[in-house]
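# Coordinate inspection notes
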Amino acid sequence: MKLSANRFILTTPVRIPEIKETLRRNTLTRKVLIKEKTDKLFIGKIEDDGFYLVSAAPKGIVCTLKGSFEAEGKDTRVEIQTKIHKAFILLFVCWLVFIISIPTVTYILHPGMEFPYTQLGLIVVAIIVAWCLLYFVYTRTRDKSIKELETLIIP
């Protein structure tokens, strides 16, 4: 089960070329998704078959949006997959390893000492709080980004 990945489907009467043009006008084009100050709504790239974006909002870099376009009769179907940006997952894992290594190294260096169960309990709580905070920021950013995208492509 992926806690940090979601899928959204938007249907609009707007044609694919018009959607791409609207997205291009509102996106600072970059191959790599990094935070930059811009007057555009999104940062990323728009391709023929879809897009890969992050919101340009202050915390927008936390959530990536990968979308594809598909014509369905008179309508266009836009499928969007959202995830926590890989950089934040990597930072979380590095922090996790560092925090867990503290009592482990202490126990290894002082073998006569009793295992620090209290420290371990506090570390588990800290990990849960950090993940919840990251997930909270992700969900708020995701919802705002989807709403901005919806506003752009659905008249």
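Residues numbered from 1 in each chain as written. Predicted model: local features only at pLDDT ≥ 70, side-chain atom pairs only at ≥ 80, totals over all residues. Heavy atoms only, no water.

## Details of the packing of aromatic side chains
One pass over the structure, following the stated rule, counts four aromatic pairs. With 5.7 Å between their ring centres and 50 degrees between their planes, F51 and F69 make a pair best called tilted. Separated by 18 residues along the polypeptide, F51 in strand β4 (residues 50–55) and F69 in strand β5 (residues 63–72) bring together distant segments of the chain. We classify F51 as buried; its relative accessible area is 4%. For F69, a relative accessible area of 11% translates into the label buried. (Phe/Tyr/Trp six-rings, centres within 6.5 Å; stacked < 30°, edge-to-face > 60°. Helix = DSSP H or I, 4+ residues; strand = E, 2+ residues; numbered from the N terminus. Buried < 20%, exposed > 50% of the residue type's maximum accessible area, 1.4 Å probe, protein only.)

## Comments concerning the sheet that holds β4
Here six strands make up an open sheet; going across it, the order is β1-β6-β5-β4-β3-β2 and the pairing mixed. The sheet is open, and its two edges are formed by β1 (5–12) and β2 (27–29), each paired on a single side. On average, each strand axis in the sheet is inclined to that of its neighbour by 30 degrees, with strand direction left out of account. Two strands pair when backbone bridges link them, and β5 and strand β6 (residues 75–84) are joined in this way by 10 bridges, in the antiparallel orientation. Paired with F69 across the two strands is V78, which belongs to β6. Strands in contact with helix α1 (residues 16–25) are β1, β2, β3 (42–46), β4, β5 and β6; relative to β5, the strand with the most contacts, it is inclined by about 155 degrees. (Pairing = 2+ DSSP bridges. Axes fitted to C-alpha atoms, helices over the stretch in contact; angles between N-to-C directions. Contact = heavy atoms within 4.5 Å.)

## Examining the pattern of salt bridges
Scanning all chains against the criterion turns up seven salt bridges. Close ionic contact of E47 with K45 constitutes a salt bridge, the shortest N to O distance being 3.9 Å. Its relative accessible area of 38% is what places E47 among the partly exposed residues. Between D143 and R142 there is a salt bridge, and its shortest N-O distance comes to 3.0 Å. Each of R7, E70, E72, R77 and E79 takes part in salt bridges that share partners, so that together they form one network. (Salt bridge = Lys/Arg side-chain N within 4 Å of Asp/Glu carboxyl O.)

## Looking at the nonpolar core
Of all hydrophobic cores here, the largest spans 16 residues; its most connected members are I19, L23, F51, F69, V78, I80 and L149. Elements with a minimum of two residues in this core: α1, β3, β4, β5, β6 and α3 (117–153). Residues within four places of V78 in sequence aside, it is in contact with F8, I9, L10, I19, F51, S68, F69 and I153. Counting residues in hydrophobic clusters, the runner-up holds 10 residues, among them C63, I84, I99 and I127. (Core = buried A, V, L, I, M, F, W, Y, C linked by side-chain atoms within 4.5 Å.)

## Points about the side chain of S55
Mapped onto the elements of the fold, S55 is located in strand β4. One polar contact links the side chain of S55 to the main-chain amide nitrogen of A57, over a distance of 3.1 Å. Separated by 3.5 Å, the side chains of S55 and E148 make a polar contact. Discounting residues that sit within four places of it in the chain, S55 has contacts with L41, F42, G60, I61, C63, S145 and E148. (Polar contact = N/O pair within 3.5 Å; in protein donor to acceptor, adjacent residues only side chain to side chain.)

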